[in-house]
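Analysis of the macromolecular model
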Amino acid sequence: MRALTLAALLVAAIAAPAVADGPQGIRFDQMPVGCAIHTRHGADDKRITVYVGRKGGKHVTQTYASPGPGKPPTKVINTITHDAMGRMVRRDWSDGNWETFTPYSCFDLPGQCRYRYRTGDGADQEYVGSVTAKGKGYVSKGGFRGEAPFADNTFTLGPFNNMATFREGASSFKVTSYADCGGVGS
């Protein structure tokens, strides 16, 4: 469960939200609907995250398993809901599991970080941490109240304020390209 939780926090990489104040998450105001962000997790787990658009005042992305060159993505891995400021508030997995972040996930947002993390499996925890600038990137530190903290991780942000790279020990994530993103990555 801890690995799934960390993966969820990471993919908060591609998202986050709930109140009108606080740091800006992903810049959906600059990202066109249909923008596809191609990523690699670890050595060869390739995925594509597509900005689906707005639904009820929130922004929605879907992440797909990468089908290979020249083929459109069809297998949805998860759907992420972001608040109006681009911060992740919910992730729904294709197997029916879900996670919520209240007021929003701040795992990848500079500053102090605190949110309530709940899952369909019954988890109900408080995440407490901080994100500070370091060189051209950031360092995120923290964990769930009453548990050992996660290992510190580092990340950089991309052109839409989206997570572009992430590393925590042997776990890594990297944007490899952008497609249909209004000239970004072309």
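Analysis parameters
- Residues numbered from 1 in each chain as written.
- Predicted model: local features only at pLDDT ≥ 70, side-chain atom pairs only at ≥ 80, totals over all residues.
- Heavy atoms only, no water.
- Helix = DSSP H or I, 4+ residues; strand = E, 2+ residues; numbered from the N terminus.
- Contact = heavy atoms within 4.5 Å.
- Salt bridge = Lys/Arg side-chain N within 4 Å of Asp/Glu carboxyl O.
- Buried < 20%, exposed > 50% of the residue type's maximum accessible area, 1.4 Å probe, protein only.
- Pairing = 2+ DSSP bridges.

1. What about the environment of T132?
Structurally, T132 can be placed in strand β8 (residues 124-134). Along the chain, T132 and P110 lie 22 residues apart, while their C-alpha atoms are 5.7 Å from each other. Sequence-distant contacts of T132, that is, excluding residues within four places in its chain, are made with G137, Y138 and V139.

2. Digging into the pattern of salt bridges
Taken as a whole and judged by the stated rule, the model has 9 salt bridges. One salt bridge in this structure joins E99 and R91, with 2.9 Å as the shortest N-O distance. The residues E99 and R91 share a single accessibility class, namely buried. The salt bridge involving K141 is made with D152; its shortest N-O contact spans 3.6 Å. In this pair, K141 sits in strand β9 (residues 137-144) while D152 sits in the loop between β9 and β10 (153-157), placing the two residues 11 residues apart along the sequence.

3. Focus: the pairing of β8
Relative to β8, strand β7 (residues 111-119) is paired through 8 bridges, and the arrangement is antiparallel. Its bridge partner lying in β8, Y117 is registered against Q125. Here β7 hands over to β8 after 4 residues, with G122 in that stretch at a positive phi of 100°.

4. A word on unusual backbone geometry
Following T102, the chain continues into P103 via a peptide bond in cis, with omega recorded as 5°. In this fold, P103 is placed in the loop between β6 (98-102) and β7. Of note in this structure, N161 is not a glycine but carries a positive phi near 65°. For N161, the location among the structural elements is in the loop between β10 and β11 (163-168).

5. Regarding the pairing of strand β2 (residues 45-55)
Both faces of the sheet carry side chains from a regular strand, because those side chains alternate between them. Strand direction decides the pairing type here: strand β1 (residues 36-41) and β2, joined by 6 bridges, are antiparallel. Its bridge partner lying in β2, T39 is registered against R47. Between β1 and β2, which follow one another and run antiparallel, lie 3 residues, and G42 among them has a positive phi close to 70°. When β2 meets strand β3 (residues 58-65), the two strands line up antiparallel, connected through 8 bridges. In the sheet register, G53 faces β3, and the bridge partner there is V60. Turn length for the β2-β3 hairpin, with the two strands adjacent in sequence and antiparallel, is 2 residues, and the turn residue G56 shows positive phi of about 60°.

6. Considering the environment of K75
Examined against the element boundaries, K75 turns out to sit in the loop between β3 and β4 (76-82). For K75, a relative accessible area of 56% gives the class exposed. Each C-alpha atom of the pair K75 and S94 lies 8.8 Å from the other, and the pair is 19 residues apart in sequence. When sequence neighbours within four positions are dropped, the list of residues in contact with K75 reads T63, Y64 and A65.

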